[in-house]
Amino acid sequence: MSFICLSLTGRTLQENIEDVRRYTSHIDLIELRADFLFTEEIPHIHRFPALVPHPVLLTIRRKQDGGKYIASEKERSSFFSIAMRGAFDYVDFETDFEHTLLTEIVREKKIRIIRSVHDFDGVPEHPLQTIRSIPKTKQEIPKLAVMTNSSSELYRLVEACLSVRNEEKIVLGMGAYGFPTRVLAPRLGNYLTFCSPAGKSAAPGHIDPQQLDAVYRLRSQTGSTAVYGVIGNPVLHSQSPFIHNTGYEKASIDAVYVPFQVDELIWFFKMAELLDVQGLSVTVPYKENVIQWLDDSAETVTVTGACNTMARSDKGWYGYNFDVEGFLHPLETVVDRQWLQGKKVAVIGAGGAAKSVVFALTKRGADVCIFNRTVEKAERLAKRFSCAFAPLTDTERLKEYSDMLVQTTTVGMAMGSSPTGSHPVGDTPTGQHSPGTYPEGLNPIEDYTFQGHEIAYDLIYTPEKTPFLQKAEHAGCRIINGTSMLLEQAKQQFLIFTGVHYPES
Ligand code: NAP
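Note that this is a predicted model, so its numbers are computed, not measured. (Residues numbered from 1 in each chain as written. Predicted model: local features only at pLDDT ≥ 70, side-chain atom pairs only at ≥ 80, totals over all residues. Heavy atoms only, no water.)

### Details of the sheet that holds strand β15 (residues 344–348)
The parallel open sheet is built from 6 strands, whose spatial order is β17-β16-β15-β18-β19-β20. Across the chains shown, the open sheet's two edge strands, defined by having one partner strand only, are β17 (388–391) and β20 (478–480). Each neighbouring strand pair of the sheet contributes to a mean axis angle of 20°, computed without reference to strand direction. (Pairing = 2+ DSSP bridges. Helix = DSSP H or I, 4+ residues; strand = E, 2+ residues; numbered from the N terminus. Axes fitted to C-alpha atoms, helices over the stretch in contact; angles between N-to-C directions.)

Encoded structure:
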């Protein structure tokens with residue numbers, strides 16, 4: 001079992017107490033980050049443990065270790081001494097922190113010491129050596145927190161972590177690439193995993209306790225919980241973890257689904273072996289590249305040249321493409337099955353998703369023209385499915401193929417970093433805009449004027465309405481976004497992964 005530890009970064013003790021109240025049922029432990037407190041609060045920190053219902057870890061993090069504390073070590077030691085009058089259960093001392101008297105007090109009071117090392121540059125070449133070099137007595141728990149900058153760094157970290165899986169320790173990868181280490185704490189044998197109140201992230205990659213507990217079900221995970229996930233880049237905005245993990249919960253399946261940000265597939269698949277990953281959803285930009293990792297595949301993968309699902313079998317990875325059915329399903333809620341026959345349809349984009357879309361459309365008898373920024377890619381795809389192609393800028397041609405326009409590029413997709421289903425945060429195109437004003441560069445066919453008769457279908461689901469869809473809706477068009485497609489193909493993946501249907505409730 002791994003504990004859920006809420007890092008508190010309020011400026012006052014009262015603010016922290018309120019954050020604890022918000023999440024109290026989702027947490028096991030609290031970290032008081034005293035380096036965030038106003039100076040006048042410091043003399044009172046010893047009172048804090050008595051004011052909250054969970055064991056408390058005291059941390060006064062220095063700036064060089066990613067904290068806010070900038071005064072002298074002497075002063076920090078005296079803050080620690082004042083605090084030790086209170087009933088703290090844990091205290092964080094960096095490996096280079098030496099204070100004999102304080103250490104003696106801590107030992108006598110049987111307060112456990114988290115011995116920490118932080119590295120914001122990246123994962124060390126030999127992380128296991130670093131973990132082994134951290135002091136580890138019965139009272140001490142070694143902690144290594146490192147910025148994880150790539151799939152190869154994550155592989156190294158996971159490998160090191162698993163080789164000390166049965167020892168008490170905390171090994172965490174910070175940042176988007178390191179995110180799996182936070183939600184797979186039980187699998188990696190981590191003593192605890194940190195999280196923050198929503199909107200108050202104490203470290204790169206923290207999510208809020210409600211997501212850790214209710215979405216990733218950290219408390220019910222064990223070392224043998226089956227691991228599934230989605231690979232892509234970017235991927236932390238994906239809603240798939242929310243969809244799949246909710247399904248596991250409802251169907252009482254011992255499994256967890258994790259977003260893996262990937263820059264090099266070779267390192268990801270090496271790590272997937274270590275974690276025994278059982279199934280994967282595949283998203284931008286890997287739908288085509290993953291095919292070389294497949295040992296066998298369904299016909300839809302061969303015909304389209306794109307794969308959006310990988311499942312482990314006795315013979316290795318088996319690939320599927322559920323985008324085809326997933327794409328058609330929502331369309332059938334707007335028009336009948338025969339509607340596509342003979343219709344002139346523009347497909348914007350020629351990437352992995354476009355392959356499935358063009359295949360689905362031509363199979364249903366539509367007359368398709370592919371428009372892409374890189375015209376050669378449009379041409380290659382058009383040859384494969386015997387249809388027309390044109391540059392993205394050819395608005396006259398777009399008008400000709402305007403019974404339906406299907407937007408399959410990544411343009412307009414939010415790139416934020418909310419890891420589980422909620423809309424991304426930051427300066428991403430999540431907002432709606434007043435009619436006629438749309439952010440530039442977020443609509444791949446900016447110069448096209450919708451007439452109102454078109455069906456506009458955007459595969460993107462975050463944001464709910466891209467500038468492409470907003471413009472179409474404003475002109476009176478029927479619009480479809482990518483949410484239903486996502487849900488439909490996720491249901492099919494769920495069945496393949498678990499052998500049971502996605503719970504209807
Ligand atoms: P991909 O293989 O990486 O293809 C990206 C496409 O976007 C290419 O055609 C590319 O054109 C085009 N593109 C990228 N940046 C552009 C720009 N600045 N201007 C014009 N065109 C640009 O990605 P994918 O796997 O096909 O996915 C595409 C989108 O579909 C993503 O947003 C994904 O989330 C969404 N999708 C949704 C679902 C769902 O279930 N709702 C399923 C599948 C995909 P070039 O060839 O010129 O580079």
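That shown, we press on.
### As for the pattern of salt bridges
All chains considered together, the criterion is met by 27 salt bridges. Here Arg62 and Asp96 are joined by a salt bridge, their closest N and O atoms 2.9 Å apart. With Arg62 in the loop between β3 (56–59) and α3 (73–83) and Asp96 in the loop between β4 (90–94) and α4 (100–108), this pair connects stretches of sequence that are 34 residues apart. Using a relative accessible area of 7% as the deciding quantity, one classes Arg62 as buried. Across the pair Asp276 and Arg312 runs a salt bridge, and its minimum N-O distance is 3.9 Å. Of this pair, Asp276 sits in the loop between α11 (265–275) and β11 (277–282) while Arg312 sits in strand β13 (residues 309–313); the two residues are 36 residues apart in sequence, bridging distant segments of the chain. (Salt bridge = Lys/Arg side-chain N within 4 Å of Asp/Glu carboxyl O. Buried < 20%, exposed > 50% of the residue type's maximum accessible area, 1.4 Å probe, protein only.)

### A word on the packing of helix α10 (residues 240–250) against helix α18 (residues 483–498)
Interhelical geometry of α10 versus α18 gives an angle of 45° and a closest axis separation of 10 Å. Judged on the interaxial angle alone, α18 and α10 are oblique. Crossing hand, α10 versus α18: right-handed. Counting all contacts with α10, which are made through Ser240, Ile243, His244, Gly247 and Tyr248, the residues of α18 involved are Leu486, Leu487, Ala490, Gln493, Phe494, Phe497 and Thr498. Tallied by class, residues from the contact of α10 with α18 come to 7 nonpolar, 5 polar and no charged. (Parallel < 35°, antiparallel > 145°, perpendicular 65-115°, else oblique. Left-handed = near helix turned anticlockwise from the far one by under 90°. Contact = heavy atoms within 4.5 Å. Nonpolar A, V, L, I, M, F, W, Y, C, P; charged D, E, K, R; others polar.)

### Here's the deal with helix α6 (residues 151–163)
An ideal rise of 1.5 Å per residue puts 18 Å on 13 residues; α6 measures up with 18 Å between its terminal C-alpha atoms. Counting buried positions along α6 yields 11 of 13 residues, so the element is predominantly enclosed. Burial in α6 covers these residues: Ser151, Ser152, Glu153, Leu154, Tyr155, Arg156, Leu157, Val158, Ala160, Cys161 and Leu162. (Expected span 1.5 Å × (residues − 1).)

### As for the side chain of Ser151
Within the secondary structure layout, Ser151 lies in helix α6. Ser151 sits in the buried class, given a relative accessible area of 3%. What Ser151 contacts, discounting residues up to four positions off in sequence, is Tyr177, Gln261, Val262, Asp263, Glu264, Trp267 and Phe268.

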